[in-house]
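Structure assessment
Residue strings, one per chain:
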Amino acid sequence: MLKPKFYITDVFGSEKYTGNQLATFVDCGELETSVMQAIAREINFSETTFITSRDETDGGYNVRIFTPNNEIPFAGHPTLGTAFILKKYIMSKPAKQVVLNLGVGQIPVKFPEDETGELWMKQAEPDFGSKISVEDAAELLGISPDGVDSDFPVEEASTGLPHLVVPLKSAAALKSINFDMDVYSRMDHKIHAKSVIAFCRGGYTDKQSLMVRVFPVGYGIPEDPATGSGNGCLAAWLVKNRYFHSDNIDIKTGQGYEIGRPSQLSLKAVKEDGKIHVYVGGYVFSVAEGVWG
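Criteria and thresholds
Residues numbered from 1 in each chain as written. Predicted model: local features only at pLDDT ≥ 70, side-chain atom pairs only at ≥ 80, totals over all residues. Heavy atoms only, no water. Helix = DSSP H or I, 4+ residues; strand = E, 2+ residues; numbered from the N terminus. Rg over C-alpha atoms; globule rule 2.2 N^0.38 Å. Buried < 20%, exposed > 50% of the residue type's maximum accessible area, 1.4 Å probe, protein only. Contact = heavy atoms within 4.5 Å. Areas by Shrake-Rupley, 256 points an atom, 1.4 Å probe, with all protein chains shown as cover. Lys, Arg positive; Asp, Glu negative; His and termini not counted. Charge placed at Lys NZ, Arg CZ, Asp CG, Glu CD. Core = buried A, V, L, I, M, F, W, Y, C linked by side-chain atoms within 4.5 Å. Expected span 1.5 Å × (residues − 1). Pairing = 2+ DSSP bridges. Right-handed = clockwise from strand over helix to strand, strands pointing away. Phe/Tyr/Trp six-rings, centres within 6.5 Å; stacked < 30°, edge-to-face > 60°. Lys NZ or Arg CZ within 6 Å of the ring centre and 35° of its normal.

1. Some remarks on the overall build of the protein chain
- Counting its secondary structure elements, the protein chain contains 6 helices and 17 strands.
- For the protein chain, the C-alpha radius of gyration of 18 Å lies close to 19 Å, the compact-globule estimate for 293 residues.
- For the protein chain, the spread of C-alpha atoms along the principal axes amounts to about 55 × 40 × 35 Å.
- For the protein chain, the residues scored as buried account for 55% of the 293 residues in total.
- Relative to all contacts within the protein chain whose residues are 6 or more apart in sequence, the contacts with residues 24 or more apart total 64%.
- Within the structure as shown, the protein chain displays about 12,400 Å² of accessible surface, and the carbon and sulfur contribution to it stands at 47%.
- Charge-centre separation for the protein chain: the mean point of 28 positive side chains lies 4 Å from the mean point of 37 negative side chains.

This is the structure we're talking about:
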């Protein structure tokens, strides 16, 4: 088997060992899909990415994303982390932006003016799907129906990877979640999304406007520490439902605190001409590198 180089980064954290872990492999054009999946399962991070060529195709770099269980067309922290690796180790010229060719299409990532700033991705235009009742949402999360904010819909949203968005009334409700996999399995006719994002007002720090937890259980991940795709869906949902009484948002969310990986994500979204434009940003930190095999 080939022995590709790999890099480990932490994405959406404030320093190393916070945020969401990512392994990125380079020079993977000759690796079979089954081998990529086996590597992702062995590493067992939420996602692992594979850059299949150092050369651009249609103005972007071909990248594949795998969870421990399967390949997916898009994910947020792998997009930022892989862009960081491309800029640092692959791209031969200075650039303000890189484009990733993903299963969902081309996703642009803008680099900060200095090495210590946030990277930003523009996500795909959102669409919205099924809604479920407050009672179903509460049963799914293992909380009282009184903990769900019934002033807003429990609704599926997608900017490339669908999530069920569940608004909660309080931090107490958020922290008390006991996700019920049996209920999730029974709801497969109501829920098409394989991931659930629950949130409430407030923050884990004074910089944050919302507290977030994400459960990508359909991908074999019990809880995720920092989810760019999920927070992108949340940003779109916030604008669509005017959660902050506005057609645009510019906020920070906190995630991962309950599982020991504190994370912060920056969200911007604006509604213009009937379309919602979604941007998600965060910091990326180099952790380690090596050769596989």
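2. A closer look at the nonpolar core
- Val98, Phe199, Leu234 and Leu238 are the most contacted members of the largest nonpolar core, which totals 55 residues.
- Here this core takes 7 residues from helix α6 (residues 228–240), the largest share from any one element.

3. Re α6
- For α6, built from 13 residues, the straight-helix expectation of 18 Å at 1.5 Å per residue is met to within 8% by its first-to-last C-alpha distance of 18 Å.
- The element α6 is largely enclosed, with a buried count of 12 among its 13 residues.
- Two residues or fewer past α6, Arg242 is found with a positive phi of approximately 50°.

4. A closer look at unusual backbone geometry
- Of note in the backbone geometry, Phe12 takes a positive phi value of approximately 70° without being a glycine.
- Assignment of secondary structure puts Phe12 in the loop between β1 (5–11) and β2 (20–25).
- In this structure Phe12 comes out as buried when scored by relative accessible area, which is 0%.

5. Thoughts on the pairing of strand β11 (residues 163–167)
- Among the 5 residues that make up β11, 5 are buried, leaving the element largely enclosed by the rest of the structure.
- Where burial is concerned, the two faces of β11 agree: the one with His163, Val165 and Pro167 and the one with Leu164 and Val166 are both buried.
- Looking at chain direction, strand β10 (residues 154–158) and β11 are connected through 3 bridges and run antiparallel. Looking at the pairing, Glu156 lines up with Leu164 of β11.
- With antiparallel pairing between neighbouring strands as the criterion, β10 and β11 make up a hairpin whose turn holds 4 residues, including Gly160 at a positive phi of roughly 135°.
- Here 4 bridges tie β11 to strand β12 (residues 196–201), and the two strands are oriented parallel to one another. When the bridges of β12 are listed, Val165 appears paired with Ile197.

6. Let's talk about the pairing of strand β3 (residues 47–51)
- Judged by how many residues are buried, β3 sits mostly within the fold: 5 of 5 residues are covered.
- Side-chain alternation along β3 places Glu47, Thr49 and Ile51 on one buried face and Thr48 and Phe50 on a second face that is also buried.
- Judged from the 4 bridges that link them, β2 and β3 form a sheet pairing that is parallel. Across the sheet, residue Phe25 finds its bridge partner in β3, namely Phe50.
- Following the chain from β2 across helix α1 (residues 33–43) to the adjacent parallel β3, one finds a crossover that is right-handed.
- Pairing geometry for β3 and strand β4 (residues 61–66), over 4 bridges, is antiparallel. Its bridge partner lying in β4, Ile51 is registered against Val63.

7. A few points about the environment of Glu272
- Within the fold, Glu272 resides in strand β15 (residues 263–272).
- Placed 187 residues apart in sequence, Glu272 and Ile85 show a C-alpha to C-alpha distance of 33 Å.

8. Remarks on the packing of aromatic side chains
- One pass over the structure, following the stated rule, counts 15 aromatic pairs.
- On the numbers, 5.9 Å between centres and 80° between planes, the contact of Phe6 with Trp292 is edge-to-face. Highlighted residues: Phe6 in strand β1 and Trp292 in the segment after β17 (284–291), separated in sequence by 286 residues.
- Owing to a relative accessible area of 21%, Trp292 belongs among the partly exposed residues under this scheme.
- Ring centres of Phe152 and Tyr243 lie 4.9 Å apart, and the angle between their planes is 50°; this geometry places the pair in the tilted category. Taken together, the residues Phe152 in the loop between α3 (134–141) and β10 and Tyr243 in the loop between α6 and β14 (248–255) connect sequence positions 91 residues apart.
- By relative accessible area, Tyr243 is classed as buried at 1%.
- The ring of Tyr243 has Arg201 sitting right over it, with the charged end atom 4.0 Å from the ring centre.
- Between the NZ or CZ atom of Lys268 and the centre of the ring of Trp120, over which it lies, the distance is 4.7 Å.

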